[in-house]
Amino acid sequence: MGAVLYILLGWLLTVLACYAAGALLLSRMAPLWSRQEAVALRFISGAGVYGVLIFLCGLLPIYSRALFVAWPLLLAAAAWRTGAFRLPEESLPDLPAAHRRILWIMAPFAVLYLANAMAPEVSPDGSSYHLGLIAKYYRDRTLTPITVNLYAALSQGMEMLFLSAFSIGRHSASALVHFTYLLTLPWLLLCFARRYAMPSAGVAAALLVFCSPVVGLDGISAYNDVAAACLYFALFQLLRRMEEHPEARGLWVLAGVLGGAAYGLKYTLAPALILAALWIGWLHRRRALCPLAVLSASALPFVAPWIVRNTLWWHNPLAPFFNKWFPNPFVQPWFEAEYRLHMAKYSLTSFTQLPLEVTVHGASLNGLLGPIFLLTPLALLALRTREGRRLLLAAAFALSTYPSNIGTRFLIPALPFLALALGQTLSYVRWLPFAVVALHAALSWPDVIPAYANRWAWRLEKIVWKDALRVRDSEHYLVSHLPAYPLTRRLDELVPPGRRILGFGQIPEAYSNRDYLVAFQSAEGNRLRDIILTPLVLESQPTRRVRLQFPSTRQKKIRIVQNRNDPGGQWFVTEAHLFSGDREIIRSPHWRLRAQPSNYNVQSAFDNSFVTRWASEEGRYAGMFIEVDFGENETLDHVDLTLSPDQPWDTFHVEVPGAAPASWTRLQTQVKMTDLVAPVGLRRAAIEELLLRNIEYLITAESDYAAADFYQNRAIWGLEPLAEAGAYRLFRLQSTAEYQNGGKERK
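None of these values were measured; they are calculated from a predicted model.

**Brief notes about the overall build of the chain**
Check the secondary structure of the chain and you find 26 helices and 15 strands. Here the C-alpha atoms of the chain give a radius of gyration of 29 Å, agreeing with the 27 Å that 2.2 N^0.38 yields for 747 residues. With the principal axes as the frame, the chain shows a C-alpha extent of 95 × 65 × 55 Å. Across the 747 residues in the chain, those meeting the buried criterion constitute 59%. Of the contacts made within the chain by residues no fewer than 6 positions apart, 75% connect residues no fewer than 24 positions apart. For the chain, the distance from the average position of its 69 positive side-chain charges to the average position of its 56 negative side-chain charges is 8 Å.

This is the structure we're talking about:
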């Protein structure tokens with residue numbers, strides 16, 4: 001029972017801090033809001049303020065449980081002493097009795113959601129990077145730069161709140177913070193409906209959103225999509241209120257706070273700030289400079305921390321995206337392009353599959369809205385009303401970033417607007433909204449979903465009070481929901497602190513205190529994966545030697561230049577050797593290497609290793625080059641390039657400095673290709689390269705491309721099996737001395 005108390009304490013203290021910060025912020029705006037609206041807006045706006053406060057604390061190594069107990073109490077004391085907790089006198093009109101009764105449909109769903117939120121956190125992304133990152137921050141007591149996980153470069157306003165709750169109640173307390181947003185969202189919808197005299201539409205929208213399977217599952221997990229919907233709708237509600245009080249400077253400030261906090265919560269909410277600017281510009285068409293300046297100044301403290309952090313740590317203010325604009329050694333442009341393509345398509349073969357996938361099937365796009373949302377096109381009929389046009393405009397802004405990631409949960413920010421517009425349409429028939437939401441609730445209950453959805457649909461399954469209250473051992477629940485959990489828990493026992501572990505896929509790293517590097521999440525990880533897979537992928541092995549012969553010349557610099565344009569493929573060079581006749585020009589410390597476009601990994605083409613390659617990290621195009629500056633004049637007449645068979649071999653020429661400054665002269669270059677036999681010992685060489693890069697442990701899953709070979713040929717690789725749990729194995733990489741002595745010389 002003690003664990004449950006800590007979970008509840010971590011949750012409630014974090015919510016108290018948010019509410020108190022919001023009460024202090026809104027204390028001078030009380031006349032503009034009803035008491036019902038003020039409760040929600042205090043929490044939502046205060047969460048943004050508290051998140052920035054936690055971020056600033058992380059600039060020093062002071063993260064601790066004591067800090068996250070003290071801040072809520074200090075903020076609450078300040079709000080109490082200043083009278084900020086007092087609610088406004090205005091109260092919204094009551095809902096009709098019939099509407100209040102239909103809202104009781106929410107009750108069983110609220111019980112379902114609360115139980116699952118309190119249960120151990122098992123969501124795929126929540127248990128891996130959302131909480132894995134903040135667990136590391138908490139261990140290190142500061143905001144540690146993490147450049148081997150692209151998700152660490154995203155804005156982390158929600159993760160800052162998770163950190164506060166995690167310090168006291170661990171994983172479940174963090175999930176409960178997001179659950180608070182799940183409770184707040186229908187409250188906001190009802191407040192809007194009560195203020196603007198659309199009770200049927202408001203009740204329908206609240207139930208459509210709250211009972212939606214993907215909304216419920218997302219809202220009880222350590223995610224941020226339901227929080228994003230709350231922020232978006234709160235900002236819309238504020239802008240709508242601004243039409244009635246256009247000169248209220250407090251609303252300009254609050255719009256900036258909410259818009260900036262939206263960016264700080266999630267990059268894809270940037271259009272919310274644009275919407276606010278356009279709305280204010282429209283309201284103040286002839287004198288918009290002052291309100292827009294106030295909006296910008298108010299948003300800046302919530303936007304700037306993430307831009308400055310990424311500029312300093314990732315060399316890219318918009319990391320992990322736009323890496324072609326801001327080249328850096330942490331995320332390759334080619335990977336970003338492939339990542340974007342995957343997120344824009346998933347496994348769909350046609351976009352005509354999208355409506356059924358997000359509403360009924362629920363497997364390919366990770367979750368389902370519910371079959372009733374097939375009626376969403378009827379929301380367009382709300383264009384006939386003033387409120388409907390505003391709702392659909394806001395929905396368009398919320399949907400503007402959806403094509404970048406078509407997962408079902410990325411529709412959640414637009415859902416409140418669409419649900420209200422749909423509710424307006426349904427309200428033209430008096431009984432229709434109630435019938436539709438009753439059917440929606442029935443179809444969204446966990447026991448009913450398997451009757452129509454894909455068996456692998458991401459969804460809640462049942463009420464889990466025994467697991468929520470820790471009556472049953474949490475280990476059983478975690479093992480049944482997270483296949484990699486048993487092995488993850490053993491990492492703390494088998495891997496010494498400070499050692500790095502490489503894997504090909506995500507594991508619930510939030511439940512381990514060790515540093516785990518996922519191969520696909522960074523440039524370094526991609527290079528490590530390329531190294532260890534080279535012995536098994538024929539297309540990556542060095543089986544071609546290309547000789548670039550040119551008239552003997554004495555030069556200080558030389559360039560190997562690409563001739564071909566091929567946006568679909570990268571230029572790889574395994575090794576480059578320079579010769580004068582039969583004499584190889586041995587690399588010296590005076591050499592300076594440069595490559596265009598990717599200069600970060602050019603050393604790999606000159607390191608005498610057959611398992612490392614330099615990569616252009618963009619599609620091939622004419623003019624790319626590798627440049628060697630010898631530091632002094634050298635005589636040479638040919639260059640040998642060792643290439644993999646996936647590279648065209650007849651597309652190069654050699655250039656040397658021209659007579660004019662910064663000019664280059666193309667030499668007459670003869671190209672000849674010779675086939676080579678793949679070198680022996682590539683497996684062992686790959687392990688040695690990983691050890692040089694401080695990778696000492698490897699986790700594989702049965703589904704990984706090379707898993708069978710790693711295990712069957714573990715003696716050849718130099719991999720020592722340490723643990724096996726289900727489909728997962730943990731290996732320790734053996735050094736050359738250990739490998740040669742049969743593993744007798746352990747570190």
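From this point on, the discussion continues.
**Considerations on unusual backbone geometry**
A cis amide bond links Ala319 to the next residue, Pro320, at an omega of 5 degrees. Residue Pro597 is reached from Gln596 by a cis peptide bond, and omega for that bond is 15 degrees. Relative to the helices and strands, Pro597 resides in the loop between strand S7 (592–596) and strand S8 (614–615). With a phi angle near 60 degrees, Arg170 is a residue other than glycine that sits in the positive phi range. By secondary structure assignment, the location of Arg170 is in helix H7 (residues 157–195). Classification of Arg170 by relative accessible area gives partly exposed; the value is 35%. Positive phi is not limited to glycine here, since Glu617 has a value of about 65 degrees. If you trace the backbone, Glu617 turns up in the loop between S8 and strand S9 (625–643). Given the relative accessible area of 5%, Glu617 is considered buried.

**Here's the deal with the pattern of salt bridges**
For the structure on display, the rule yields 35 salt bridges. Its salt-bridge partner being Asp94, residue Arg194 comes within 3.7 Å of it at the nearest N-O pair. Within this pair, whereas Arg194 is found in helix H7, its partner Asp94 is found in the loop between helix H3 (65–81) and helix H4 (97–102), the two being separated by 100 residues in sequence. Between Asp225 and Arg409 there is a salt bridge, with its nearest N and O atoms 2.5 Å apart. In this pair, Asp225 is assigned in helix H10 (residues 225–242) and Arg409 in the loop between helix H16 (386–399) and helix H17 (415–426), connecting sequence segments 184 residues apart. By the burial criterion, Asp225 is buried, and Arg409 matches it. The network of salt bridges with common partners includes Arg240, Arg241, Glu243, Glu244, Arg386, Glu387 and Arg390.

**Let's talk about a nonpolar patch on the surface**
On the surface, Val111, Ile463, Trp465, Leu469 and Val471 cluster together to form a nonpolar patch covering roughly 400 Å² of accessible area. Structurally, Val471 can be placed in the loop between helix H19 (465–468) and helix H20 (474–481). Residue class for Val471 comes out exposed when judged on its relative accessible area of 64%.

**Examining the nonpolar core**
Among the nonpolar cores identified, the biggest contains 178 residues, and Trp33, Tyr63, Tyr113, Tyr181, Phe233, Phe417 and Leu420 are the most heavily contacted of them. Here this core gets 19 residues from one element, more than from any other, and that element is H7. Once residues lying within four places of it in the same chain are set aside, the contact partners of Leu420 are Leu189, Phe192, Met198, Ala201, Gly202, Ala205, Phe233 and Leu391. Residues Val628, Phe630, Leu636 and Val639 belong to the second largest nonpolar core, which totals 29 residues.

**What about the packing of aromatic side chains?**
The full count for this structure, using the stated rule, is 32 aromatic pairs. Ring centres of Trp591 and Phe606 lie 6.5 Å apart, and the angle between their planes is 85 degrees; this geometry places the pair in the edge-to-face category. With Trp591 in the loop between strand S6 (583–584) and S7 and Phe606 in the loop between S7 and S8, the pair connects residues that are 15 residues apart, well separated along the chain. The residues Trp591 and Phe606 share a single accessibility class, namely buried.

**Some points on the environment of Trp456**
Relative to the elements of secondary structure, Trp456 occurs in the loop between helix H18 (432–444) and H19. Using a relative accessible area of 64% as the deciding quantity, one classes Trp456 as exposed. For Trp456 and Asn366, which are 90 residues apart along the polypeptide, the C-alpha to C-alpha distance reads 8.9 Å.

**With respect to the packing of helix H1 (residues 2–26) against helix H2 (residues 35–57)**
Remark: H1 packs on H2, axes separated minimally by 6 Å, with the N-to-C direction vectors making an angle of 100 degrees. When the interaxial angle is binned, H1 and H2 end up roughly perpendicular. Only Val39, Leu41, Arg42, Phe43, Ser45, Gly46, Ala47, Val49 and Tyr50 of H2 make contact with H1, whose side of the interface consists of Thr14, Val15, Ala17, Cys18, Tyr19, Ala21, Gly22, Ala23, Leu25 and Leu26. Here the contact of H1 with H2 is composed, by residue class, of 14 nonpolar, four polar and one charged.

**Digging into the confidence of the model for the chain**
The predicted model of the chain has a mean per-residue pLDDT of 94, with 99% of residues at 70 or higher. The secondary structure element of the chain with the lowest average pLDDT is helix H26 (residues 736–740), at 72, and the one with the highest is helix H9 (residues 213–219), at 98.

**Overview of the sheet that holds strand S14 (residues 719–725)**
Pairing is mixed in the open sheet, where five strands are placed in the order S2-S1-S13-S15-S14. Each edge of the sheet is formed by a strand with only one pairing partner; in this case those strands are strand S2 (515–518) and S14. The average angle at which neighbouring strand axes cross in this sheet is 25 degrees, direction not considered. The sheet strands contacting helix H22 (residues 523–533) are strand S1 (500–503), S2 and strand S13 (695–701), and the helix crosses S2 at an angle near 75 degrees.

**Here we look at the packing of helix H11 (residues 249–265) against helix H12 (residues 270–283)**
Contact pair H11 / H12: the axes reach a minimum separation of 7 Å and the direction vectors enclose 155 degrees. When the interaxial angle is binned, H11 and H12 end up roughly antiparallel. Across the interface between the two elements, Ala255, Gly259, Gly260, Ala262 and Tyr263 of H11 pack against Ala270, Ala272, Leu273 and Ile280 of H12.

**Side note on the pairing of S13**
Of all seven residues in S13, seven are buried, a share of seventy percent or more. Both S1 and S13 contribute to a ladder of four bridges, which runs parallel. Within S13, the residue paired with Leu502 across the bridge is Leu698. For S13 and strand S15 (residues 728–733), the ladder comprises five bridges, and the chain directions are antiparallel. Across the sheet, residue Thr700 finds its bridge partner in S15, namely Arg729.

**Concerning the environment of Glu720**
Structurally, Glu720 can be placed in strand S14. Along the sequence, Glu720 and Leu698 sit 22 residues apart, while their C-alpha atoms lie 9.7 Å from each other. A distance of 2.7 Å separates polar atoms of two side chains, one belonging to Glu720 and the other to Arg732.

**Digging into the side chain of Arg240**
Here Arg240 is to be found in helix H10. A polar side-chain atom of Arg240 sits 2.6 Å from a polar atom in the side chain of Glu387. When near neighbours in sequence (up to four residues on either side) are disregarded, Arg240 contacts Phe192, Tyr196, Trp279, Arg386, Glu387 and Arg390.

Reading the values: the criteria
- Residues numbered from 1 in each chain as written.
- Predicted model: local features only at pLDDT ≥ 70, side-chain atom pairs only at ≥ 80, totals over all residues.
- Heavy atoms only, no water.
- Helix = DSSP H or I, 4+ residues; strand = E, 2+ residues; numbered from the N terminus.
- Rg over C-alpha atoms; globule rule 2.2 N^0.38 Å.
- Buried < 20%, exposed > 50% of the residue type's maximum accessible area, 1.4 Å probe, protein only.
- Contact = heavy atoms within 4.5 Å.
- Lys, Arg positive; Asp, Glu negative; His and termini not counted.
- Charge placed at Lys NZ, Arg CZ, Asp CG, Glu CD.
- Salt bridge = Lys/Arg side-chain N within 4 Å of Asp/Glu carboxyl O.
- Patch = residues over 30% accessible without salt bridge, like charges linked within 9 Å, V, L, I, M, F, W, Y side chains within 5 Å.
- Areas by Shrake-Rupley, 256 points an atom, 1.4 Å probe, with all protein chains shown as cover.
- Core = buried A, V, L, I, M, F, W, Y, C linked by side-chain atoms within 4.5 Å.
- Phe/Tyr/Trp six-rings, centres within 6.5 Å; stacked < 30°, edge-to-face > 60°.
- Axes fitted to C-alpha atoms, helices over the stretch in contact; angles between N-to-C directions.
- Parallel < 35°, antiparallel > 145°, perpendicular 65-115°, else oblique.
- Nonpolar A, V, L, I, M, F, W, Y, C, P; charged D, E, K, R; others polar.
- pLDDT = per-residue confidence, 0-100.
- Pairing = 2+ DSSP bridges.
- Polar contact = N/O pair within 3.5 Å; in protein donor to acceptor, adjacent residues only side chain to side chain.

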